Every structure is written in C-alpha cells, then in structure tokens.
Amino acid sequence: MTQEEIVKKIEENFEEQITGVYYFAGQGNVSVKAKKILDICKFLRDEPGLEFDYLADLAGADYPDRPYEEGRFEVVYNLYSTKRNHRIRIKVGLPEDNPVVESVVGLWVTADWHEREAFDLYGIKFNNHPNLKRILMPDDYQWHPLRKEFPVQGY
Amino acid sequence: MSDSKIQNLYDQRKLSPFLDDDDEIAPGEKHLHKEMIINMGPQHPSTHGVLRLVLELDGETITEVHPHIGYLHRGIEKLAENRNYAQVMPLTDRLDYVSSMTNNLGYAVAVEKLMDLKLPPRANYIRMIMAEMSRICSHLLFLGCHALDIGAMTVFLYCFREREYLIDLFELICGARLTVTYIKIGGVRRDINQEFIDKLYKFTEEFEAHIEEYDTLIRENRIWLERTVGIGVIPPDVAISYGLSGPTLRGSGVNYDIRKAEPYCAYDEIDFEVPLGKNCDTYDRYRCRVEEMRQSNRIIRQCLDKLPKGSIQTENPKVVLPQKDMVMRDIEHLIHQFYLVIKGFSIPKGEVYSATEAPKGELGFYIVSNGTNMPHRVKVRAPSFVNLEVLPYMSRGHLLADIIACIGTLDIVLGECDR
C-alpha cells in the first residue's frame, strides 16, 4: 500500500481524530489527538490490508516553541508491517502541563521499554503501563534530560 | 516487578536467601520452594558489557529476570542535538562499537534521505563492502564470545584471527581500527586502493574454508548442542510483538531483512540469500549468523567484482568539502571550506525515519530537522536495546547456566543499548 492509501484508510475511520497529515521524503506523517490513540493503534494493527504488526520505534520529542494547543511534547510511533512491507508514522501532541497518553504495551510488547525511555528522558507519562519507571537514568534522578531546557553541560 | 517489590521479597527473607539455622532442612521440600534472588553484573564477564540482571531463582531454575540497563548512558541523543550534522558522525561510532561502519552508514543514509541526496555508484559499493566487512567482524565476535561463554575456547581464538585481519584492513583504509568514522554524509572519506582490494580478495577466497574450520568444531559438538538446542525459544509471533530484528528475529523464521525489504545503497543489484531458522532456539540463531557470514562474504565478492569507477562522494558542494588544491589557490574555496567546517550545512525542515540492517538488527534513525545546521531530534532505534527486552521471556524456566547462552544469543552491545 502506498503512504497515501494508508493515510486515506485512517482518515475514513478516524476523521475527527486527525489534526494534520504531511508527507516528507516519501514518508507519511499522521498527527492525531491523544484521546483515541489506543483505538487508532488497534485499528492499524488489526485491520486487514494494514496489519502493522511491528512497532519499529517509539520516540518522544520536545518542541518548546509550539503553541499550547498543539502540545509541547510529542510521542512518535514508527510502525512497520512485516506482512505488507509498508511503514507509517503516527504522532501525538501532548500539553506541557500534563503530558499523558495511553500506553500501547497491550498491542505491541516492545513498547514497554520504549515508553519507559520516553518517560525517563522527557517525563511523558503512559497510562496503564505495567512498570513505568526510569530505564537509562538512575532511579533517584530528578530531571528529564532530553527536554530542551536541560543544559548539555553544567549538571 | 518494581524495585520496591524486590525490596519486599528481600525483607521477607531478612536479606538472607539462604536457610536460617533453625529452619527444618530434612524433608528437602521446604528449601526447594524458597525463592532466591541473586544479582548478576554489571561487572560480569559474560554479560557482554555493563548489563545488570536481578534473577529470581527457584533452586537452579530461573523464575524471573529483571534487566537493569543504563550504566553506559552517555546521552548521545542529547549531544547530537547540539552538534551540526557532520559532527554527529563520530558519536555514532560509539553506539555499536564492534561494527561502527554500519552505524556510520545508518546515520549517513538517514541524513541523505532527509536532504534527498543521491550518491555515485562507487560510493554505494564501497559502503556495502565496508558494511559487510563490519557484519562479518560483528558475527565473528558473536561466535567467539558465545562459544567462550558456553565453554569452547578454541573457537574464540580462530574467530579473532579473521577478525583481526579485517580490522587491519579498516586500519589500512582509514587509519582507525574500531571507531572509524569512515563513511561520511555524501559519500566515503577516502577511496580504496589496490592493496586493499587485493587483500580483501584474498580474504574472500579463504574465508569460506575458515568458517568451515571453526564451524566443524561446534556444529555437531555434543556439548554445544546440549547447551543451545531448545534453549531460549522465541516463537515468531512473540518475536514480532517484541520488535526483535536481525538474526535474532530471523532465527525465529520471520523473513525480515531490510537489505531485501527496503534496499538502500545498491543491495538490490546484489544477489544474496536471507538465512532463516526453523526451531526458534539458540542453535538456530547461531546457524543463521554463520550462514549470514557466508552471504556477507558473497556480497563482498560481488561488490569487488562489480566495483564501478568514478567519484566516491556526491558532487553537491553544499555537503562535501572543496578540492584541497582549489582551497590553496583561491579565496572563495577557502571561505567555503572554512564555512563548512565551522558551521556545517543546513537541512530544510522535515523529518525522516530511516532503517538499515546492522549486524544486530534494525538500526533506525529518526531525525527531525528544524531548518538549521543542527538536528532538532535524533532518536536512535538501537537493535540491542529492543532485543534485550525479550531476555526475561526467553530465559524463564531455564537453568541459571542457560541465561549465559541467552545473553550470548541476543548478541547485545551495551554501548548501543544505553546510548
């Protein structure tokens, strides 16, 4: 399936959830609202024709200059289908004061450590995560080092 | 299980996993059901780096494993956000430090995708040669160390003989042995010379026999079979859900090789096979890696045969430094060189996820550019990090000694895992 067809399929089913679509370097990016992320991911995994059974990567990201409504933090899901050999990227914007999103560990087990890493480095919280604690930094560490305001030197 | 829970378990046992003096030992049953918690690592010869495991044992059987990572966290992603694109390259060497060529390649491919940069064929072929040499190095290290962990010392010495030969070739071509920084954005740093080609030809001719030499030591060795067959079984659907990649996934019979699925460089012009396992166990993953070395050897051979003539880097002056003789001759080129070295080049706004097949699995770079000369976000999807996650699943129910085989078969490098 081409990127456009995949995006069209998501649009057909979750039209009011999508906040933006854009293509770059032949890769489709779909920004969605955080509320229904679990439904969208479940749809992407189980829908015949899409079958994104492989969560290649889950990344946090920080955009301090964005307006409040778009959300300062972002969780990026890079999905791949081993059966169909196609990819898609789903992005969720999260507000600065309460960055919370549903965990997708129930859909792809691999999300466990990825989400712990995003929590560790960005402070993004994942609801219903089985074991949400720091993974790379020490357990008693107080900061989230990949946030943009965290200095490279000095701590 | 959380640390507090582990603490509770400790407390229940008064920090002593062993029997108290006043315990009744006689029936044998009581102490069999007493769970013991032991700590393994971070400094342990067979954890392949600074990996710490907290093991819950019932007798000698593992009931649960809690991996603790992060001892080698150097904040490479944070550092990358504060350097220009070319300066990130040496950081990637330090990810999977036993095969830095493939890390260089993964990052370079990602940035080139972001810039929509096309490379001359010679650069692509040299890159493939380097990547496959790196793959053989990495798999030789895997085979040697895995065998050493399980108890076969000889294989280790043989493997390192060949690995040394390849690393000497790296030294010949770029001066460095491990942290090479040989591949750069827009091409490779130096052209390969005739001496290198001759030596590599000699290697490809002899390597098949060498593989046979040390493979016969263990392939049908009874101790090796006892220690690996049926150990650490990962069914294909579980492997996919855990996001495994590389030989760890292909050992479970899932045909996912990025060189075939989404060819980069010029892998679509090369003829090679993707070896797959059947029984999803440690033995099959070892077979896969040995077969992969044979295929890599074939790829190197074909690349050398087909090696095109021409430039080793792109012509785009925005990315590559100007010719040295021109820099010495006129001021514009001097300024250009100065600007590129000090400031680097800017990339238009955009984001890209690019996956390449590193020896350990899918090495992905998710790079967000904000239009300046420094990346806004570099996320490294490290195969070791993801593959290690399956360790508790695969070692549950096995004996304590088998966890050594399980760590070995995942072929992790903690530099990449902790970043």
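Residues numbered from 1 in each chain as written. Chains lettered and ligands numbered in written order. Predicted model: local features only at pLDDT ≥ 70, side-chain atom pairs only at ≥ 80, totals over all residues.

Asker: Teacher, can you tell me more about the overall build of chain B here?
Answerer: Of the regular secondary structure elements, chain B holds 19 helices and eight strands. Along the first, second and third principal axes, the C-alpha atoms of chain B reach 90 × 45 × 35 Å. Counting over 419 residues, chain B shows a buried share of 47%. Within chain B, residue pairs in contact and separated by at least 24 positions form 69% of the contacts whose partners lie at least 6 positions apart. (Helix = DSSP H or I, 4+ residues; strand = E, 2+ residues; numbered from the N terminus. Buried ≥ 20, exposed ≤ 12 C-beta atoms within 10 Å, placed from the backbone. Contact = placed C-beta atoms within 7 Å.)

Asker: How should the pairing of strand 2 (residues 27-32) of chain A be read in this particular structure?
Answerer: Two faces make up the sheet, and in a regular strand the side chains alternate between them. Residues and elements named next belong to chain A. In this sheet, strand 2 lies alongside strand 1 (residues 18-24) in antiparallel orientation, the contact comprising six bridges. Paired with tyrosine 22 across the two strands is asparagine 29, which belongs to strand 2. Hairpin connection from strand 1 to strand 2: two residues lie between these consecutive antiparallel strands, with alanine 25 at a positive phi of about 50 degrees. Alignment of strand 2 against strand 5 (residues 87-94), held across four bridges, turns out to be parallel. Considered in strand 5, the bridge of asparagine 29 is made with arginine 89. (Pairing = 2+ DSSP bridges.)

Asker: How should the environment of isoleucine 407 of chain B be read in this particular structure?
Answerer: Residues and elements named next belong to chain B. Here isoleucine 407 is to be found in helix 18 (residues 402-410). Along the sequence, isoleucine 407 and histidine 376 sit 31 residues apart, while their C-alpha atoms lie 35 Å from each other. If we skip the residues at most four places from it in the chain, isoleucine 407 touches Ser46, Thr47, His48, Leu391 and Ile412.

Asker: Got a minute to help me understand the nonpolar core in this structure?
Answerer: Where a protein is soluble and globular, its nonpolar side chains tend to be buried together. Core analysis: the largest hydrophobic core is formed by 150 residues, its most contacted members being Val75, Leu79 and Ile124 of chain A together with Val111 and Ile367 of chain B. Of the residues that make up this core, three or more belong to each of domain 1 (3-68) and domain 2 (76-418) of chain B. Every residue in contact with leucine 79 of chain A, bar those within four places of it in the chain, is listed here: Leu44, Phe52, Leu55, Ala56, Arg87, Ile88 and Ile90 of chain A. (Core = buried A, V, L, I, M, F, W, Y, C linked by C-beta atoms within 7 Å. Domains from an automatic or database assignment.)

Asker: What am I meant to see in the interface of chain B and chain A here?
Answerer: Bring the parts together and some accessible area is lost; that lost area is often taken as the interface size. Taken together, the contact between chain B and chain A spans 36 residues of the former and 30 residues of the latter. Elements supplying a minimum of two residues to the side of chain B that touches chain A: helix 3 (76-80), helix 5 (100-115), helix 10 (236-241), strand 6 (350-358), strand 7 (361-369), strand 8 (375-381) and helix 16 (383-388) of chain B. Ranked by the residues each element gives to the side of chain B that touches chain A, the list is headed by strand 6 of chain B, at five residues. Split by residue class, the side of chain B that touches chain A holds 15 nonpolar, nine polar and 12 charged. (Nonpolar A, V, L, I, M, F, W, Y, C, P; charged D, E, K, R; others polar.)

Asker: So what exactly am I meant to see when it comes to the environment of isoleucine 173 of chain B here?
Answerer: Residues and elements named next belong to chain B. Along the chain, the position of isoleucine 173 falls in helix 7 (residues 153-174). On the neighbour-count criterion, isoleucine 173 (23 C-beta atoms within 10 Å) is buried. Linking isoleucine 173 and arginine 189, residues 16 residues apart in sequence, is a C-alpha distance of 9.4 Å. Apart from the residues lying within four places of it in its own chain, the contact partners of isoleucine 173 are Tyr182, Arg190, Ile192 and Phe196.

Asker: Looking at this model, I keep getting lost on the packing of helix 6 (residues 121-150) of chain B against helix 18 of chain B. Mind explaining?
Answerer: Packed helix pairs are characterised by how far apart their axes lie and by the angle those axes make with each other. Residue and element names in this part refer to chain B. Here helix 6 crosses helix 18 at 180 degrees, and the two axes come no closer than 9 Å. One element, helix 6, and the other, helix 18, form an angle in the roughly antiparallel class. Contact with helix 6, carried on its side by Cys145, His146, Asp149 and Ile150, involves Ile404, Ala405, Gly408 and Thr409 of helix 18 and no other residues of that element. Looking at the contact of helix 6 with helix 18 residue by residue, the class counts come to four nonpolar, three polar and one charged. (Axes fitted to C-alpha atoms, helices over the stretch in contact; angles between N-to-C directions. Parallel < 35°, antiparallel > 145°, perpendicular 65-115°, else oblique.)

Asker: Help me understand the sheet that holds strand 3 (residues 54-62) of chain A in this model?
Answerer: In sheet architecture, strand pairing relies on hydrogen bonds along the backbone and comes in two forms, parallel and antiparallel. All names here are of chain A. Taken together, five strands build an open sheet; the order of strands is 1-2-5-4-3 and the sheet is mixed. Among the strands making up the open sheet, the edge pair consists of strand 1 and strand 3. Strand-to-strand twist in this sheet, taken as the mean axis angle between neighbours without regard to direction, amounts to 20 degrees. Direction of pairing for strand 3 relative to strand 4 (residues 73-80): antiparallel, over a ladder of eight bridges. The residue bridging alanine 61 from the neighbouring strand is glutamate 74, located in strand 4. Each of strand 1, strand 2 and strand 5 is contacted by helix 1 (residues 3-13), which is oriented at about 15 degrees to strand 2, the strand it contacts most.

Asker: Just to check I follow, could you spell out the sheet that holds strand 8 of chain B for this structure?
Answerer: Residues and elements named next belong to chain B. The three strands are arranged 6-7-8 in an open sheet whose pairing can be described as antiparallel. The open sheet terminates on both sides in strands that have one partner only, identified here as strand 6 and strand 8. Geometrically, the sheet is characterised by an average inter-axis angle of 15 degrees between neighbouring strands, direction not taken into account. Two strands pair when backbone bridges link them, and strand 6 and strand 7 are joined in this way by nine bridges, in the antiparallel orientation. Considered in strand 7, the bridge of tyrosine 353 is made with tyrosine 366. Packing against the sheet, helix 5 makes contact with strand 6 and strand 7, and its axis sits at approximately 150 degrees to strand 6.

Asker: I would appreciate a short explanation of helix 3 (residues 111-122) of chain A in the present structure.
Answerer: Each turn of an α-helix holds 3.6 residues, which means side chains three or four residues apart point in the same direction. Taking 1.5 Å of rise per residue, the 12 residues of helix 3 of chain A would be expected to cover 16 Å, and the 16 Å separating its terminal C-alpha atoms lies within 8% of that figure. Taking burial as the measure, the 12 residues of helix 3 of chain A include 12 buried ones, the bulk of the element. The complete set of buried residues in helix 3 of chain A reads Ala111, Asp112, Trp113, His114, Glu115, Arg116, Glu117, Ala118, Phe119, Asp120, Leu121 and Tyr122 of chain A. The elements touched by buried residues of helix 3 of chain A are strand 3, strand 4 and strand 7 (125-127) of chain A together with helix 16 of chain B. Remark: glycine 123 of chain A follows helix 3 of chain A within two positions and exhibits a positive phi of approximately 75 degrees. (Expected span 1.5 Å × (residues − 1).)

Asker: Honestly, unusual backbone geometry in this entry has me stumped. Any pointers?
Answerer: Not every positive phi belongs to a glycine, and alanine 25 of chain A is a case in point at roughly 50 degrees. By the secondary structure assignment, alanine 25 of chain A is in the loop between strand 1 and strand 2.

Asker: Looking at this structure, I do not really get the pairing of strand 3 (residues 61-68) of chain B. What am I missing?
Answerer: All names here are of chain B. One ladder, built from seven bridges, connects strand 2 (residues 52-58) with strand 3; its direction is antiparallel. By the bridge assignment for strand 3, arginine 52 is matched with histidine 68. Linking strand 2 back to strand 3 in an antiparallel pair, the connection comprises two residues, with glycine 59 at a positive phi of about 70 degrees.

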